[in-house]
Amino acid sequence: MNSDICSLVVDNCGRLGHYNAMQCLLNDFKLNRLSLTKKAFEFLPVMAANEELLRKSTQSVIDMLHEVGGTCYGTGVYSLVELFCVLGSFDMAKFVIETTERKLSYYGVFIREMCRRCDFEGAGNMMDEMRMAGCEPNAQIYNYIISCLLRNGKKDDACKLFQEMKEKNCPPDALTFEIFIHDSCKDHKFDIAFEFFDEMVSRGLEPRLSTHAVFIKGFFNSQQYGEAYKYVVGSDDKYSASMNYTLLASLHQKRGNLVAAENILSEMIKKGLRPHFKVYMKVLKNLGKSGDEKLALDLQQKFFQLEHRA
């Protein structure tokens with residue numbers, strides 16, 4: 001059984017009030033190292049008539065999870081926090097944390113949900129609470145908030161938080177920079193995007209493949225096809241070069257630029273780079289359908305020669 005099915009069985013026991021059966025199930029799940037999801041405890045807010053009863057029922061579940069231990073305790077407590085946060089019952093989620101333990105991952109659930117609701121003030125206050133509890137926010141926490149701020153057009157606030165990261169000795173990670181790069185490319189501000197890229201590299205961080213994709217798609221969507229090509233040609237290592245060439249070929253294929261897509265695939269094959277087979281086949285078939293049989297045959301021969309060399 002998977003986690004969702006197991007969790008639904010636990011939830012059913014809760015709705016029926018069969019807590020002894022629930023504990024037996026949890027013990028079995030622990031032996032099989034099965035995890036729980038928030039679906040396991042959806043009965044709690046449904047069955048409780050008021051907040052006092054809800055706290056009492058939640059405490060009973062926490063006590064049971066503690067007694068069972070193992071994966072059921074760790075994933076169970078996390079799921080309780082997640083459930084109440086998703087429902088907007090942040091006081092209940094805090095009750096769970098205060099009753100169990102104050103962990104960074106639990107606070108991360110708060111931050112994520114508050115960001116989803118665009119409650120940036122609440123997220124900031126939660127970060128203060130984290131620090132008071134001895135849990136310093138990490139890059140993932142900052143990334144949640146920065147990403148949401150940028151999506152909502154609050155660039156100045158995002159940049160202030162970025163500066164705060166550095167001042168609080170929480171080094172930005174590769175994803176932090178990618179978030180700013182994505183936002184800059186979306187607005188076609190590629191000079192600013194490259195400033196973030198250069199700072200990332202200067203910190204010794206390896207750009208993610210998705211960061212390269214952001215630049216390529218950004219140039220392509222702004223119809224700067226030459227710049228997209230120059231970026232791909234400048235790829236450093238073989239793996240990222242293969243992915244970048246294939247992405248650019250795929251973008252041209254989807255736009256109907258089949259000759260450009262074929263040229264890019266041919267160039268990468270000549271360099272000994274293997275294109276993604278699915279992209280290669282799409283370009284090949286579309287060339288055939290468009291009547292460019294000579295180009296299709298030429299591309300096919302190059303691909304077979306590459307396979308033979310491998």
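Residues numbered from 1 in each chain as written. Predicted model: local features only at pLDDT ≥ 70, side-chain atom pairs only at ≥ 80, totals over all residues. Heavy atoms only, no water.

**Side note on the UniProt feature "repeat: PPR" (unreviewed entry) in the protein**
UniProt tags residues 103-137, 138-172, 173-207 and 241-275 as "repeat: PPR" (unreviewed entry). Secondary structure across residues 103-137 divides into 74% helix and 0% strand, with the first and last C-alpha atoms of the span separated by 11 Å. Between the C-alpha atoms that bound residues 138-172 there is a distance of 9 Å. The span itself is 74% helix and 0% strand. (UniProt positions renumbered as here; feature names shortened; annotations may be inferred. Helix = DSSP H or I, 4+ residues; strand = E, 2+ residues; numbered from the N terminus.)

**Examining a nonpolar patch on the surface**
On the surface, a cluster of nonpolar side chains totalling about 290 Å² of accessible area is made up of Leu-209, Tyr-239 and Met-243. Turning to its location among the elements, Tyr-239 is positioned in helix 15 (residues 238-255). Tyr-239 gets classed as exposed once you look at its relative accessible area, which sits at 53%. (Patch = residues over 30% accessible without salt bridge, like charges linked within 9 Å, V, L, I, M, F, W, Y side chains within 5 Å. Areas by Shrake-Rupley, 256 points an atom, 1.4 Å probe, with all protein chains shown as cover. Salt bridge = Lys/Arg side-chain N within 4 Å of Asp/Glu carboxyl O. Buried < 20%, exposed > 50% of the residue type's maximum accessible area, 1.4 Å probe, protein only.)

**Regarding the environment of Arg-274**
Tracing the sequence through the fold places Arg-274 in the loop between helix 16 (258-270) and helix 17 (277-290). Residue class for Arg-274 comes out partly exposed when judged on its relative accessible area of 39%. As for Arg-274 and Ala-139, which are separated by 135 residues in sequence, their C-alpha atoms are 35 Å apart. Aside from chain neighbours lying at most four places away, what touches Arg-274 is Ser-242, Met-268, Phe-303, Leu-306 and Glu-307. (Contact = heavy atoms within 4.5 Å.)

**A few points about helix 4 (residues 51-68)**
Along its 18 residues, helix 4 runs 25 Å from first to last C-alpha, staying within 8% of the 26 Å computed at 1.5 Å per residue. Contacts made by the buried residues of helix 4 are with helix 2 (19-31), helix 3 (43-47), helix 5 (70-86) and helix 6 (90-99). Sitting at the head of helix 4, Asn-50 places a side-chain oxygen 3.1 Å from the backbone nitrogen of Glu-52. Count one or two residues on from helix 4 and you reach Gly-69, which has phi positive near 70°. (Expected span 1.5 Å × (residues − 1). Polar contact = N/O pair within 3.5 Å; in protein donor to acceptor, adjacent residues only side chain to side chain.)

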